[in-house]
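Coordinate analysis (summary)
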Amino acid sequence: MYTTRIFSGVKPTGHLTLGNYLGAIRRWVDVDQHRSDALFCVVDLHALTVDHDPGRVRRLSRQAATLLLAAGLEPELCTLFVQSHVDEHARLSYLLECVATDGEMRRMIQYREKAGRERERGGGVRLSLLTYPALMAADILAYRADEVPVGEDQRQHVELSRDLAVRFNQRYGQTFTVPRATQPTVAARVMDLQDPKSKMGKSHDSGSGIVYLLDEPEVIEKKFLRGVTDSGFDVSYDQEARPGVSNLLEILASCEGTTPQELSGEFSSYAALKRRTADAVVQLLKPVQERHRELAADPGHVDAVLRKGAERARERAKPTVDAAYRAIGLLPPM
Ligand code: AMP
Ligand code: TRP
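Residues numbered from 1 in each chain as written. Chains lettered and ligands numbered in written order. Predicted model: local features only at pLDDT ≥ 70, side-chain atom pairs only at ≥ 80, totals over all residues. Heavy atoms only, no water.

1. What to know about the overall build of the protein chain
Which entries qualify depends on this criterion: Helix and strand assignments follow DSSP, with helices taken as H or I runs no shorter than four residues and strands as E runs no shorter than two, numbered in order from the N terminus. Pairs of residues are marked as contacts when any of their non-hydrogen atoms sit within 4.5 Å. When charges are counted, neither His nor the chain ends are considered; positive counts come from Lys and Arg and negative counts from Asp and Glu. To locate a charge, take NZ of a lysine, CZ of an arginine, CG of an aspartate or CD of a glutamate.
For the protein chain, the count of helices and strands is 12 helices and 5 strands. Over its C-alpha atoms, taken along the principal directions, the protein chain stretches across nearly 70 × 45 × 40 Å. Summarising the internal contacts of the protein chain: among those between residues at least 6 apart in sequence, 76% fall at separations of at least 24. Charged side chains in the protein chain number 45 positive and 46 negative. The centres of these two groups are separated by 4 Å.

This is the structure in structure tokens:
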């Protein structure tokens, strides 16, 4: 039996990207599932916080689960499931909304950015976009997770989950484990190849700076070769002054298991750096793509994994969520 519990998730709002893979998924596969009781979740309820197409969310959820298996999550080692299959997430989220304040929700960077974008488009902002961190905290706290392996952009949400756990425990008695975020040392924030000051995000409008895990090798090459670099010729690592080059060095370092600083001396031109990074990414993704093709041909297998995963997840979450209901003052069912 492991003493560490790990939880993490990915939203089915678009096709999975190289940012998801290097920032999060690869560690789940290589490290986390081997050293802990680990749960990985396709967080479909979170995909409903912005304008969405029901059929697309359904397809992307299945595709994300298939890709996570293709990337190497093993159902014998970890629990893979879909969030909406386990009621405890939504049950606990409401209690955490009763512990959080609207001020702390409004301070979340992701809320401010996304709400701003929705308003610019002239649409309304879904209330669930504001309350999203309470649901995310519920995902984590329901399992008493110790660690939450995420990319840099999710740090603030995990911090809020910590605050809510501490506050709940202080007010209503020891119920939750206080979780902490873990991040990779390189590539915790992979940037868009066309706009290296913005995060490579799967739901951005233009796809030309985003490398998707299922992109064909020629497409991956083209995206790297056409990527924006910086003025000057110097291949040095400096995220402020040279965001384009630094992003490529981060990606390459992550693929090769080294550091961007070590690599920076090896290149005399941007073109050489782009070419080697493209090759490294193509090689890294090749086995994932091959395995994805096999698994996509056998959806029954993926369904069976998700069914079993939901059962295991439910068993783990229910006692904690029941305890939280009692602690906060709700009368147990007669
Ligand atoms: P999401 O796509 O927002 O559901 O993110 C799933 C996981 O991938 C989270 O742990 C994110 O922090 C991580 N992630 C997403 N985009 C990036 C990126 N560009 N660089 C590094 N990690 C990322
Ligand atoms: N909010 C995360 C993201 O956008 C996804 C997520 C939802 C998550 N619940 C989680 C990640 C719980 C870690 C733990 O990437």
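2. Re unusual backbone geometry
Of note in this structure, Arg 144 is not a glycine but carries a positive phi near 50°. Within the secondary structure, Arg 144 sits in the loop between α6 (127-141) and β4 (147-149).

3. Quick look at the nonpolar core
Short version of the rule: Take the buried Ala, Val, Leu, Ile, Met, Phe, Trp, Tyr and Cys residues and link them wherever side-chain atoms come within 4.5 Å; each set so joined is a nonpolar core. The classification of residues rests on relative accessible area computed with a 1.4 Å probe and restricted to protein chains. Under 20% of the type maximum is buried, over 50% is exposed, and intermediate values are partly exposed. Segmentation into domains, and thus their bounds, comes from an automatic or database assignment.
Tyr 21, Phe 224, Ile 251 and Val 281 are the most contacted members of the largest nonpolar core, which has 58 residues in total. No other element matches the 10 residues that helix α11 (residues 270-296) contributes to this core. For this core, the domains that each give at least three residues are domain 1 (5-183 + 298-328) and domain 2 (217-293). The residues contacting Ile 251, other than those within four sequence positions of it, are Leu 18, Leu 22, Val 190, Leu 193, Phe 224, Thr 277 and Val 281. Leu 95, Ala 134, Ala 142 and Ala 181 belong to the second largest nonpolar core, which has 42 residues in total.

4. Things to note about the site of ligand 1
The cut-off we apply is this: When we say a residue is near a molecule or strand, we mean one of its heavy atoms is within 4 Å of it. Polar contacts, as used here, are pairs of N or O atoms within 3.5 Å; protein pairs need one atom able to donate a hydrogen and one able to accept it. Residues neighboring in sequence count only if both atoms are side-chain atoms. Each accessible area is a Shrake-Rupley result for a 1.4 Å probe, and residues are judged covered by the shown protein chains and nothing else.
Taken together, 18 residues sit near ligand 1, with Lys 11, Gly 151, Asp 153, Val 190 and Lys 202 positioned nearest. Lys 11 has a polar backbone atom sitting 2.8 Å from an oxygen atom of ligand 1. Here Met 200 contributes a backbone N or O atom positioned 2.9 Å from a nitrogen atom of ligand 1. Here ligand 1 loses 95% of its free accessible area of 470 Å² to cover by the protein chains. For the shell around ligand 1, the elements supplying multiple residues, two or more each, are β1 (5-10) and α1 (18-35).

5. Some details on α1
Operational definition: An expected span of 1.5 Å times one less than the residue number is assigned to each helix. The angle between axes fitted to the seven residues ending at a residue and the seven residues starting there is what we call the bend at that residue.
Between its terminal C-alpha atoms α1 stretches 24 Å, which fits the 26 Å expected from 18 residues at 1.5 Å a residue. Roughly 55° is the biggest bend found in α1, and it falls at Trp 28. Burial of α1 is extensive: 13 of the 18 residues sit out of reach of the surface.

6. Some remarks on the domain arrangement of the protein chain
Operational definition: Once two parts are joined, some of their accessible surface, as seen by a 1.4 Å probe, is lost; buried area is that loss totalled over both.
If you check the domain split of the protein chain, you get domain 1 (5-183 + 298-328) and domain 2 (217-293). In this assembly, 9 residues from domain 1 lie in contact with 10 residues from domain 2. For the pair domain 1 and domain 2, the summed buried surface comes to about 840 Å²; carbon and sulfur atoms form 72% of the total. On the domain 1 side of the contact with domain 2, Leu 18, Arg 26 and Ala 70 bury the most area, a combined 49% of that side's loss.

7. A short note on empty space enclosed by the protein
Here is the rule we go by: In this analysis a 1.4 Å probe is tested at points of a 1 Å grid over the protein atoms alone, and where it fits but cannot get out there is a cavity; an open set with protein on both sides within 12 Å along at least five of seven lines is a pocket; lining residues have an atom within 4 Å of a point. Grid points are joined across faces, edges and corners, and a volume is the space filled by probe spheres set on the points. Classes in brief: Ala, Val, Leu, Ile, Met, Phe, Trp, Tyr, Cys and Pro nonpolar; Asp, Glu, Lys and Arg charged; the others, Gly included, polar.
For the coordinates displayed, the defined rule picks out 3 cavities of 30 Å³ or more. Among the elements that line the lining of the largest cavity, the one with the most residues is helix α9 (residues 243-256), at 3 residues. Taken together, the residues that form the lining of the largest cavity break down as 5 nonpolar, 4 polar and 2 charged.

8. Here we look at the pairing of β1
Selection rule: Pairing between two strands is assigned when DSSP locates at least 2 bridges connecting them. For crossovers, right-handed means that the path from the first strand over the helix to the second runs clockwise, given strands pointing away from the viewer.
In terms of residue burial, β1 counts as a mostly covered element, since 5 of its 6 residues are buried. Direction of pairing for β1 relative to strand β2 (residues 37-42): parallel, over a ladder of 6 bridges. When the bridges of β2 are listed, Arg 5 appears paired with Asp 37. Since β1 and β2 lie parallel, the crossover through α1 that links them has a hand, and here it is right-handed.

9. Concerning the packing of α9 against α11
We count it as follows: Note on definitions: angles span 0 to 180 degrees between N-to-C directions of axes, and those axes are lines fitted to C-alpha atoms, for helices only across the stretch in contact. Angles below 35 degrees are treated as roughly parallel, those above 145 as roughly antiparallel, those between 65 and 115 as roughly perpendicular, and all remaining angles as oblique. For any helix crossing, the convention is left-handed if the near helix is rotated counterclockwise from the far helix by under a right angle, and right-handed if that rotation is clockwise.
It is at 9 Å that the axes of α9 and α11 come closest, and there the two elements cross at 40°. As judged from the angle between their axes, α9 and α11 are oblique. Of the two possible hands of crossing, α9 and α11 adopt the one that is left-handed. Along the contact surface, α9 presents Val 245, Leu 248, Leu 249, Ile 251, Leu 252, Cys 255 and Glu 256, while α11 presents Tyr 270, Leu 273, Lys 274, Arg 276, Thr 277, Ala 280, Val 281 and Leu 284. Among the residues forming the contact of α9 with α11, the class breakdown is 11 nonpolar, 1 polar and 3 charged.

10. What about the side chain of Gln 33?
Here Gln 33 shows up in helix α1. In this structure Gln 33 comes out as buried when scored by relative accessible area, which is 1%. Of the polar contacts made by the side chain of Gln 33, one reaches the backbone oxygen of Val 29; its length is 3.1 Å.

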